[in-house]
Each structure stands twice: as C-alpha cells, then as structure tokens.
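Below are the chains, spelled out letter by letter.
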Amino acid sequence: MSEVESATTELKTQYAAQVAADLERNTKEQERIGAEVAALQEQLSALQHDQSLLVNLQRTLGAESLAEAGSSEEESVTAAKPSLPRQASAETKSGRRKKATASKPKKAAAAAKPAETKASSPAAKLPTLVELIHNHLGRQSEPRSSAEISTALAQAHPDREIKPKVVRTTVEGLVAKGHVQRTKQGSSVFYTAAETPAADNSAEQEPVTA
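Bear in mind that the values here come from a model prediction, so they are computed numbers and not experimental data. (Residues numbered from 1 in each chain as written. Predicted model: local features only at pLDDT ≥ 70, side-chain atom pairs only at ≥ 80, totals over all residues. Heavy atoms only, no water.)

**Student:** Just to check I follow, could you spell out the environment of Ile-162 for this structure?
**Tutor:** By the element assignment, Ile-162 lies in the loop between helix H5 (146-156) and helix H6 (164-177). Note on Ile-162: relative accessible area 15%, which makes it buried. For the pair Ile-162 and Thr-151, spaced 11 residues apart in the sequence, the C-alpha separation amounts to 8.7 Å. With residues near it in sequence (within four places) discarded, Ile-162 still touches Ser-150, Leu-153, Ala-154, His-157 and Val-167. (Helix = DSSP H or I, 4+ residues; strand = E, 2+ residues; numbered from the N terminus. Buried < 20%, exposed > 50% of the residue type's maximum accessible area, 1.4 Å probe, protein only. Contact = heavy atoms within 4.5 Å.)

This is the structure in structure tokens:
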C-alpha cells in the first residue's frame, strides 16, 4: 500500500512540474506576441499619420496649382483686352489718314508690350511656399521647428497669408521627397535642409531664375 501511495505521489509531482513548465512557456509566448502586436500597432499609427499628412499636402499643392493657373489665365485675358480698342481705332483712322495708319499700329504694339511684361512679371517672380521653405532651411545653420519656419516666413513675406498648419504639411511633404531631414528631440520635431549634390541644386534653381 505504501508503494502505491509513493508512486501516486511521484506521478502527481511530475504532472505538477509539467503543468508549471507549460504555464511558464505559455506566459512567455503571450508576452512575446503582445510585444510584437504593440510594435505593429505603433508602426500602423505612424503610417496612418504619414498618410494624413501626405493627403493634406496633396490637397494643398493641388489648390496652389489651380490658383496659379487661374491667375495666369486672368493676366493673359487682361493683357489681351487693351489691344482690341487700339486695333479698332487704328482701322477707323486708316480710312481717313494713310500716314497715321503706318505709325500708330507700331505705337500701339510698343505700348502693349510693356503692359504685358508688367502683368506677367509679378507672377513669374512670386515663389511658391515649397521654394520659400526650402530656401529658408538652406540658409539656417541649426534645425528649425515648423512653428519657427512659419513665423520667419510670415515676417519675411507679410503680403502673403502663411498658415502654420500648411507650412507643417508642406515641410512633411519635403521630408517624404528627401529634400528635408526630420529630427526629433523629445516631443519636439525639427527640420533641416537635406544635403543634395550640386547638380540637383542647379537643376532646381534653373526654373526660379528663368
């Protein structure tokens, strides 16, 4: 009877040890999977945040391109309108005086050219927000936050309506394209101009100088 009891006790001890080992292994596996899930959740949140920034940037760039296209069309229409009455007056005077018709069309064309250049020159010299941000960061020796960039651009260009949210979205778009580098210090995010080859810089500056 004592041998049976000792065998039963030994068997219970083995089962208890096996259950404890299985329980410990199960707990460790749960911890490992939980850590992986947390890491994946963090990556998913970062991707969703970047997606929202890129969508906002796409909408902003689309609105700016539409506004620039509309302004160029209005300028072309206003530059073309003054030539119509001048042509009509030249045609009426041509029936009366032949000598005046030879000189006045030349004067009208000469007067129309400065008007066209004056109307088109402000639009050609007006830089975009992307160019303003890129040039501003290129002149800085230390990283700058989006709020600092927005304040500096608003002070340098008081005639333009520069919103901090649009500036931050545009800077994030430049980060996505590799033109700007983003660094994080604690809870704050700072930006610096990315170092690009000289050929790339000259290629980007050619449309602005033109």
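**Student:** Can you walk me through the packing of H5 against H6 in this structure?
**Tutor:** Any two packed helices are characterised by how steeply their axes cross, that is the angle between the axes, and by the distance between the axes. Running from amino to carboxyl end, H5 crosses H6 at an angle of 120 degrees, the nearest separation of the two axes being 9 Å. What the angle tells us is that H5 and H6 run oblique. Note that H5 runs across H6; the crossing there is right-handed. Counted together, Ser-146, Ile-149 and Ser-150 of H5 and Pro-164, Val-167, Arg-168 and Val-171 of H6 form the full contact between these two elements. Tallied by class, the residues present in the contact of H5 with H6 amount to four nonpolar, two polar and one charged. (Axes fitted to C-alpha atoms, helices over the stretch in contact; angles between N-to-C directions. Parallel < 35°, antiparallel > 145°, perpendicular 65-115°, else oblique. Left-handed = near helix turned anticlockwise from the far one by under 90°. Nonpolar A, V, L, I, M, F, W, Y, C, P; charged D, E, K, R; others polar.)

**Student:** Just checking my understanding: could you explain the environment of Thr-128 for this structure?
**Tutor:** Relative to the elements of secondary structure, Thr-128 occurs in the loop between helix H3 (98-125) and helix H4 (129-138). As for Thr-128 and Ser-65, which are separated by 63 residues in sequence, their C-alpha atoms are 9.7 Å apart.

**Student:** How do you make sense of H5 when you look at a structure like this?
**Tutor:** Since the α-helix turns once every 3.6 residues, residues separated by three or four places project in the same direction. The set of residues buried in H5 consists of Ser-146, Ile-149, Ser-150 and Leu-153. With its buried residues spanning 100 degrees around the axis, H5 presents them on a single face. On its buried face, H5 is in contact with H4, H6 and strand E2 (188-193). (Arc of directions from axis to C-beta.)

**Student:** How should I be thinking about the nonpolar core in this particular structure?
**Tutor:** Across soluble globular proteins, nonpolar side chains have a tendency to be buried as a group. If you look at the biggest cluster of nonpolar residues, it comprises 13 residues, and the most contacted ones within it are Ile-133, Ile-149, Leu-153, Val-167, Val-171 and Val-180. Elements with a minimum of two residues in this core: H4, H5 and H6. Once residues lying within four places of it in the same chain are set aside, the contact partners of Val-167 are Leu-129, Ile-133, Ser-146, Ile-149, Ser-150 and Ile-162. (Core = buried A, V, L, I, M, F, W, Y, C linked by side-chain atoms within 4.5 Å.)

**Student:** Can you help me understand the pattern of salt bridges in this one?
**Tutor:** Where side chains of opposite charge bring their charged atoms close, a pairing between them can arise. Per the counting criterion, the structure on display carries six salt bridges. Arg-32 serves as the salt-bridge partner of Glu-29, at 2.3 Å between the closest nitrogen and oxygen. Residue Glu-29 and its partner Arg-32 are located together in helix H1 (residues 2-80), separated by three residues, close to a single helical turn. With its nearest N and O atoms 3.9 Å apart, the salt bridge here joins Arg-144 to Glu-142. Several salt bridges share partner residues, and in doing so they unite Glu-29, Arg-32 and Glu-36 into one network. (Salt bridge = Lys/Arg side-chain N within 4 Å of Asp/Glu carboxyl O.)

**Student:** Looking at this structure, how should I read the side chain of Thr-170?
**Tutor:** Structurally, Thr-170 can be placed in helix H6. Within the structure, Thr-170 has its side chain in polar contact with the backbone oxygen of Val-166 (distance 2.7 Å). Not counting the four nearest positions on each side in its chain, Thr-170 is found in contact with Leu-57, Leu-129, Val-130 and Ile-133. (Polar contact = N/O pair within 3.5 Å; in protein donor to acceptor, adjacent residues only side chain to side chain.)

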